[in-house]
Amino acid sequence: MTRVLLTGFEPFDGDVLNPSWEVARALDGGLVTALRLPCEFGRAKELLWQALDSGRFDVLLSLGLAGNRPDVTVERIAINVDDARIPDNAGQQPVDQPVVAGGPVAYWNTLPIKRMVEAVRAEGVPASVSQTAGTFVCNHVFYAGAHWAATRQPGLRVGFMHLPLLLEQAVSKPGFTGMALETQVQAARAALAAALAGGEDILSVGGAVS
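Definitions and limits used
- Residues numbered from 1 in each chain as written.
- Predicted model: local features only at pLDDT ≥ 70, side-chain atom pairs only at ≥ 80, totals over all residues.
- Heavy atoms only, no water.
- Salt bridge = Lys/Arg side-chain N within 4 Å of Asp/Glu carboxyl O.
- Helix = DSSP H or I, 4+ residues; strand = E, 2+ residues; numbered from the N terminus.
- Buried < 20%, exposed > 50% of the residue type's maximum accessible area, 1.4 Å probe, protein only.
- Pairing = 2+ DSSP bridges.
- Phe/Tyr/Trp six-rings, centres within 6.5 Å; stacked < 30°, edge-to-face > 60°.
- Lys NZ or Arg CZ within 6 Å of the ring centre and 35° of its normal.
- Expected span 1.5 Å × (residues − 1).
- Arc of directions from axis to C-beta.
- Contact = heavy atoms within 4.5 Å.

**As for the pattern of salt bridges**
Then step 1. All told, the structure shown has 5 salt bridges when counted by the stated rule.
Then step 2. A salt bridge links Arg25 to Glu22; the nearest nitrogen and oxygen atoms lie 2.9 Å apart. Taken as a pair, Arg25 and Glu22 lie in helix α1 (residues 19–26) at a separation of 3 residues, close to a single helical turn.
Then step 3. Taking the relative accessible area as the measure of exposure, Arg25 reaches 48% and is therefore partly exposed.

This is the structure:
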């Protein structure tokens, strides 16, 4: 049986909700273990590594909020850079620092990203491949999980998926689009099922011009 660690974040930047955690905890149970991470450089990495050390998982899927995106986006790559546009919840704002000193420049998502996108779209939910997870705490956690897998458990499959704002968040953010929590849960469940199905990824267009 495949065991999954599904992570989400606490709210940040003045919000009182973070869909990544609301979705993760909605899917908690059975073979899925949900973990709430702080939106803090360093501490989020440490707590993630502690959780991975304490249990033998087969898949790590981390969720994060991308409030400027209208759809569900599956990330392609994690880079070894912390470069914060805003302070994290501990007031830290690293600039051009490595996530892991001496680590590789980047790690690929080892889940079938295009099959996950297709599965979400099949549920009637907009989704796409993203070429960057940013350089804030989301990328920090994505890279940290991938590095742990590469150095401690090479068979662990690691990925990251960004979610849009919840409808109740978008109401107070003119120009931004929201998505209902139940729709986001449906999307994450479909993406996770595709990730667990095994086999090679599908060959489909998922690139970007810029």
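Having seen it, we continue.
**Brief notes about the pairing of strand β3 (residues 59–65)**
Then step 1. With 7 of 7 residues buried, β3 is to be regarded as a mostly interior element.
Then step 2. Across the two faces of β3 the burial is the same, with Val59, Leu61, Leu63 and Leu65 and Leu60, Ser62 and Gly64 all buried.
Then step 3. The pairing of strand β1 (residues 4–9) with β3 spans 4 bridges and is parallel. Among the inter-strand pairings, Thr7 is bridged to a residue of β3, identified as Ser62.
Then step 4. Two elements, β3 and strand β8 (residues 157–163), share 7 bridges in a ladder whose sense is parallel. Counterpart to Val59 in the pairing with β8 is Arg157.

**A few points about the packing of aromatic side chains**
Then step 1. Counted according to the given criterion, the structure contains 4 aromatic pairs.
Then step 2. With a centroid separation of 5.9 Å and 45° between ring planes, the pair formed by Phe12 and Phe136 is classed as tilted. With a gap of 124 residues between them, Phe12 in the loop between β1 and α1 and Phe136 in the loop between β7 (127–130) and α4 (137–152) connect regions that are remote in the sequence. An identical accessibility class is assigned to Phe12 and Phe136; each is buried.
Then step 3. Three or more aromatic residues joined by ring pairs make a cluster, and in this case those are Phe12, Phe41 and Phe136.
Then step 4. Lying over the aromatic face of Phe57, Arg3 brings its terminal NZ or CZ to 4.6 Å of the ring centre.

**Remarks on helix α2 (residues 43–54)**
Then step 1. The end-to-end C-alpha distance of α2, which contains 12 residues, comes to 17 Å, matching closely the 16 Å that a straight helix rising 1.5 Å per residue would cover.
Then step 2. Among the residues making up α2, those that are buried are Ala44, Lys45, Leu48, Ala51 and Leu52. The arc that holds every buried residue of α2, seen down its axis, measures 130°, which confines them to one face. Facing away from the buried surface of α2 by more than 90 degrees, the exposed residues are Gln50 and Ser54.
Then step 3. Of the surrounding elements, those touching the buried residues of α2 are β1, β2 (32–37), β3 and α4.

**Describing the side chain of Glu22**
Then step 1. Residue class for Glu22 comes out buried when judged on its relative accessible area of 14%.
Then step 2. Dropping the residues within four chain positions of it, Glu22 is found in contact with Leu17 and Leu181.

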